[in-house]
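Close look at the chain arrangement
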Amino acid sequence: MQSFAPGMVLRDRYELESVLGRGVMGQVWQGRDVYLERPVAVKTIVAELLAVPQSRSEALARFRREAQAAARLDHPNITTVYDASITEDTCCLVMQLVDGTTLEYLFDQQEDERFDVPSAASVAAQLCAGLSAAHAADLVHRDLKTQNVMIRRDGVVKILDFGLVKSLSDADPRLTMTGEGIGNILCASPELLSGRGQLDGRSDLYAVGCLLHHMLTGAPPFATDQPALLASQHLTATPPLISESGIGVPQPMQELVTALLAKRPEDRPFSATEVYAALAPYLPVSDPRLATRQSLPEDPCRPFLVPQGPRPL
């Protein structure tokens, strides 16, 4: 089993600098492309974890297909895949390093731990824009959560980890639960947790519903520190209404969140495009006067306030 350390160079090109995050599956490193002299993110995973219950050669071939599919995704709300390494010992993805912060961190920084309706709608709409492109390519994320949503400093939302999570969860459904913390199932759809049936894009839409509820109320729809109880609530419990948190939102927004959190996929919106259209009335109104004004360090509304505008002066 290969081990990694700062200074190691993968594929004679990508130098590992420091660990950005760790998980059951592997590590995420900040690295540097020594050829192009640009920062990159490198996600490493031990190939052995891909080979349950299938043979290693089959698992590596599947990983290669998923990496190639993710690399073909070209959308501003999806982190770009630059390269992949697939060997008998280790698989890794080399990706765009996003200059920003996670949605999880923004929740921690909010004084009241929630977003207003335009901000929440703008984040969710950007998620749906990226998901629409991925789902059209027959890719399902399966692991949308606050840690996998980045808000860039100019306000663009980036979805992380396309091309990796699908391969991992395909290897063995238990890998999505074994050793994982609460954060990794906060947005898990009932069908993902039950392991029944073929997952499609509506599983990701359930996660969008969880994130939208969290943004609007400051808490996930099911809040507990017990993984088994949380999984049970996703499977059987009726999601609370936003109004039960003492927060008022437009009735159509509540109806959208309720539909996204439906237990059965067929009771949810059909596509990410449909959800985007439902969010459109609540997006911030564009204001050209803001095009050159210094904005907040992380402003999730900005792409809608100044579409394709320049970086603040």
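Procedures and definitions
- Residues numbered from 1 in each chain as written.
- Predicted model: local features only at pLDDT ≥ 70, side-chain atom pairs only at ≥ 80, totals over all residues.
- Heavy atoms only, no water.
- Pairing = 2+ DSSP bridges.
- Helix = DSSP H or I, 4+ residues; strand = E, 2+ residues; numbered from the N terminus.
- Axes fitted to C-alpha atoms, helices over the stretch in contact; angles between N-to-C directions.
- Phe/Tyr/Trp six-rings, centres within 6.5 Å; stacked < 30°, edge-to-face > 60°.
- Buried < 20%, exposed > 50% of the residue type's maximum accessible area, 1.4 Å probe, protein only.
- Lys NZ or Arg CZ within 6 Å of the ring centre and 35° of its normal.
- pLDDT = per-residue confidence, 0-100.
- Contact = heavy atoms within 4.5 Å.
- Expected span 1.5 Å × (residues − 1).
- Salt bridge = Lys/Arg side-chain N within 4 Å of Asp/Glu carboxyl O.
- Arc of directions from axis to C-beta.
- UniProt positions renumbered as here; feature names shortened; annotations may be inferred.

**Regarding the sheet that holds strand β9 (residues 157-159)**
- Strand order in the open sheet formed by three strands is β7-β8-β9, with antiparallel pairing between adjacent strands. A strand with exactly one partner marks an edge of an open sheet, and here the two such strands are β7 (100-102) and β9. Ignoring strand direction, the axes of neighbouring strands in this sheet form an average angle of 30°.
- As paired elements, strand β8 (residues 149-152) and β9 share three bridges and run antiparallel to each other.

**Comments concerning the packing of aromatic side chains**
- The tally for this structure, following the rule as stated, stands at one aromatic pair.
- Ring plane angle 40° and centroid distance 5.7 Å describe the contact between F107 and F115, whose orientation is recorded as tilted. Like F115, F107 is buried.
- The ring of Y82 carries the charged tip of R38 above its face, separated from the ring centre by 3.8 Å.

**Focus on the confidence of the model for the protein**
- Of the residues in the protein, 85% have a pLDDT of 70 or more, and the chain-wide mean is 85.
- Looking across the protein, the model is least confident in helix α4 (residues 165-171), with a mean pLDDT of 50, and most confident in helix α8 (residues 251-260), with 97.
- Per-residue pLDDT stays below 50 along residues 171-180; that stretch engages in 18 contacts with residues further than four places along the chain or on separate chains.

**Some words on helix α6 (residues 201-217)**
- Over its 17 residues, α6 extends 25 Å from the first C-alpha to the last, a length consistent with the 24 Å expected when each residue adds 1.5 Å.
- Most of α6 is tucked away, with 16 of its 17 residues classed as buried.
- At the C-terminal side of α6, G218 shows a positive phi close to 90°.

**Brief notes about the pattern of salt bridges**
- Using the criterion set out here, one finds twelve salt bridges in the structure.
- In this structure, R13 and D33 form a salt bridge, with 2.9 Å as the shortest nitrogen-oxygen distance. Residue R13 is located in the loop between β1 (9-10) and β2 (14-22), and its partner D33 is located in strand β3 (residues 26-33); the two are separated by 20 residues in the primary sequence.
- Judged by relative accessible area, which is 21%, R13 ranks as partly exposed.
- A salt bridge links D200 to R202; the nearest nitrogen and oxygen atoms lie 2.7 Å apart.
- Given a relative accessible area of 27%, D200 falls into the partly exposed group.
- Among the charged side chains, a salt-bridge network with shared partners connects R13, D33 and R38.

**Some thoughts on helix α9 (residues 272-279)**
- Taken together, the buried positions of α9 are A272, V275 and L279. Burial along α9 is one-sided: seen end-on, the buried residues are contained in an arc of 60°.

**A closer look at the side chain of T102**
- Note that T102 resides in strand β7.
- In this structure, T102 is in contact with T146, Q147, V149 and M150, ignoring residues within four places of it in sequence.

**Comments concerning the UniProt feature "binding site: ATP" (unreviewed entry) in the protein**
- Mapped onto this numbering, the UniProt entry gives "binding site: ATP" (unreviewed entry) at K43.
- The class of K43 is buried, set by a relative accessible area of 17%.

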